[in-house]
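# Residue-level structural notes
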Amino acid sequence: MLEHGGNLRDAAKRFGRDDWIDLSTGINPHWYPAPALDGKAWHRLPEPDPALLTAAQAFYGAPHMLPVAGTQAAIQALPRLRKPSRVTVSAPSYAEHAHHWAGHGHTMTLTPYGQLEQAVAHNDVVVVVNPNNPTGAIVPAAQLLQWADQLAARGGWLVVDEAFGDTAQHNSVAAHTARPGLIVLRSVGKFFGLAGIRLGFVAACSDLLRELADQLGPWTISGPAQQIALSALTDRAWQTSTRTQLQASGERLHTLLAGHGITSSGTPLFQWWAEPQAEQFWQHMAERGIWVRLFTQAARGIRLGLPPDEASWQRLHTALTQWTNK
């Protein structure tokens, strides 16, 4: 089983404490305030709500979409929709992509971001996390669309995971997914801070979405999740103020790290850097009740999400000062 952020029970079991600050996920700490739910959301089988699909298509700018139980559901199902293929996944990036494409008869390799251009010419499927998780690296939309055309010309796919794309909508390629071979994954969990409702969307051509829907089966999205997401996706005022807030918080985190000699990169939701003493830094923070994301494989370093309140910002500042002065 692959390791992910947000595993606070593991933190408490190993280090004790009950006052954890969880900076391990990159999820907006100020989540969308869920509205009161209609009782039917709990009582009826959750048939798809056309209004939710319309709202998602408007928010993401995509012509066709399929709601899924988190983008994880699509990540696990997409490899089953192709015959054995040559697949490459951008590295470093979200580990679940490589994990699932490595099965089902596919030949899977990892390709550093700087070498993806060459990889497009030699693979049937290319998976790019954009913005990248964990580094925040971005491939320009124009480049992605060029790669998508190259792959589609020989029956291939370009899969673009835009789970952290809500703060960089200008670089999304979701609007172009009516063309064959371009698949975009979007998440309600990160920007809206609603990871617990397990909802994401896949943008692709209608034929592929029908195949994916058949693979996933009926009633994949709960009634409560549909109602909450419909409210979130149509609340333009909250979206606008949240983008402004996240931009400021992301800049604050970048500046805070720089003040302690750490050169980081990332998105408004997280910062990452190649920490030479990654395990020691992780241990140092954990002993102070701050749970950060340690990477030791393709990306050796640390990822930090946003503190949820001023007291947490101050605890992080103190812990960083102690690290710098040790």
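Calculation criteria
- Residues numbered from 1 in each chain as written.
- Predicted model: local features only at pLDDT ≥ 70, side-chain atom pairs only at ≥ 80, totals over all residues.
- Heavy atoms only, no water.
- Helix = DSSP H or I, 4+ residues; strand = E, 2+ residues; numbered from the N terminus.
- Buried < 20%, exposed > 50% of the residue type's maximum accessible area, 1.4 Å probe, protein only.
- Contact = heavy atoms within 4.5 Å.
- Phe/Tyr/Trp six-rings, centres within 6.5 Å; stacked < 30°, edge-to-face > 60°.
- Lys NZ or Arg CZ within 6 Å of the ring centre and 35° of its normal.
- Core = buried A, V, L, I, M, F, W, Y, C linked by side-chain atoms within 4.5 Å.
- Pairing = 2+ DSSP bridges.
- Axes fitted to C-alpha atoms, helices over the stretch in contact; angles between N-to-C directions.
- Salt bridge = Lys/Arg side-chain N within 4 Å of Asp/Glu carboxyl O.
- Right-handed = clockwise from strand over helix to strand, strands pointing away.

Relative to the assigned elements, W323 resides in helix α12 (residues 310–325). For W323, a relative accessible area of 9% translates into the label buried. Residues W323 and H260, 63 residues apart in the sequence, show an inter-C-alpha distance of 8.8 Å. Each residue touching W323, except ones within four places of it in the same chain, is listed here: E275, Q277, Q280, F281 and H284.

All right, on to the packing of aromatic side chains then. Tallied over the entire structure, the rule returns 16 aromatic pairs. Seen in terms of ring centroids, Y60 and F201 are 5.8 Å apart; in terms of plane orientation they differ by 50°. Their pairing is tilted. Residue Y60 is located in helix α3 (residues 50–60), and its partner F201 is located in strand β8 (residues 200–203); the two are separated by 141 residues in the primary sequence. An angle of 15° between the planes, with centres 5.6 Å apart, marks the rings of F192 and W238 as stacked. Of this pair, F192 sits in the loop between β7 (182–187) and β8 while W238 sits in helix α10 (residues 236–258), and the two are 46 residues apart along the sequence. Site record: aromatic cluster; members linked through ring pairs are Y32, F59, Y60, F191, F192, F201 and W238. One Lys or Arg, R82, reaches over the ring of W157 and ends 5.0 Å from the middle of that ring.

Attention now goes to the nonpolar core. Grouped together as the largest cluster of nonpolar side chains are 73 residues, with contacts concentrated most on L158 and F192. The greatest single-element share of this core, amounting to six residues, is contributed by helix α7 (residues 141–152). In terms of nonpolar packing, the next biggest core, distinct from the first, is built from 24 residues, L66, V89, V127 and L185 among them.

Time to look at the sheet that holds strand β13 (residues 300–305). Strand order in the open sheet formed by four strands is β9-β10-β13-β12, and the pairing between neighbours is antiparallel. Strands with a single pairing partner mark the edges of an open sheet, and in this sheet they are β9 (265–267) and β12 (293–296). Neighbouring strand axes in the sheet, compared pairwise and without regard to direction, differ in orientation by 20° on average. Here helix α11 (residues 278–286) sits on the sheet and contacts β10 (270–273), β12 and β13; the angle it forms with β13, its principal contact strand, is near 30°.

So, about the side chain of H100. You can see H100 is positioned in helix α5 (residues 95–101). Once you skip the residues sitting within four places of it in the chain, H100 turns out to touch Q72, I75, Q76 and P79.

What follows deals with the sheet that holds strand β6 (residues 157–161). Strand order in this open sheet of seven strands is β2-β8-β7-β6-β5-β3-β4, and the pairing throughout is mixed. The open sheet terminates on both sides in strands that have one partner only, identified here as β2 (65–68) and β4 (107–112). Strand-to-strand twist in this sheet, taken as the mean axis angle between neighbours without regard to direction, amounts to 20°. Where β2 and β8 come together, four bridges link them in antiparallel fashion. For P67, the partnering residue across the bridge sits in β8 and is F201. Of the strands in this sheet, β2, β7 and β8 touch α3, which is tilted by about 110° from β2.

This part covers the pattern of salt bridges. Within the structure shown, the criterion is met by 11 salt bridges. For D166, the salt bridge goes to R186, with nearest N and O atoms at 2.4 Å. Residue D166 is located in the loop between β6 and β7, and its partner R186 is located in strand β7; the two are separated by 20 residues in the primary sequence. We classify R186 as buried; its relative accessible area is 0%. A salt bridge links R300 to E279; its shortest N-O distance comes to 2.6 Å.

Burial of strand β5 (residues 125–129) is extensive: five of the five residues sit out of reach of the surface. Because side chains alternate across β5, one face comprises the buried residues V125, V127 and V129, and the other comprises V126 and V128, equally buried. Two strands pair when backbone bridges link them, and strand β3 (residues 86–91) and β5 are joined in this way by three bridges, in the parallel orientation. By the bridge assignment for β5, T88 is matched with V126. Read from β5 through α7 to β6, the crossover connection turns out right-handed.

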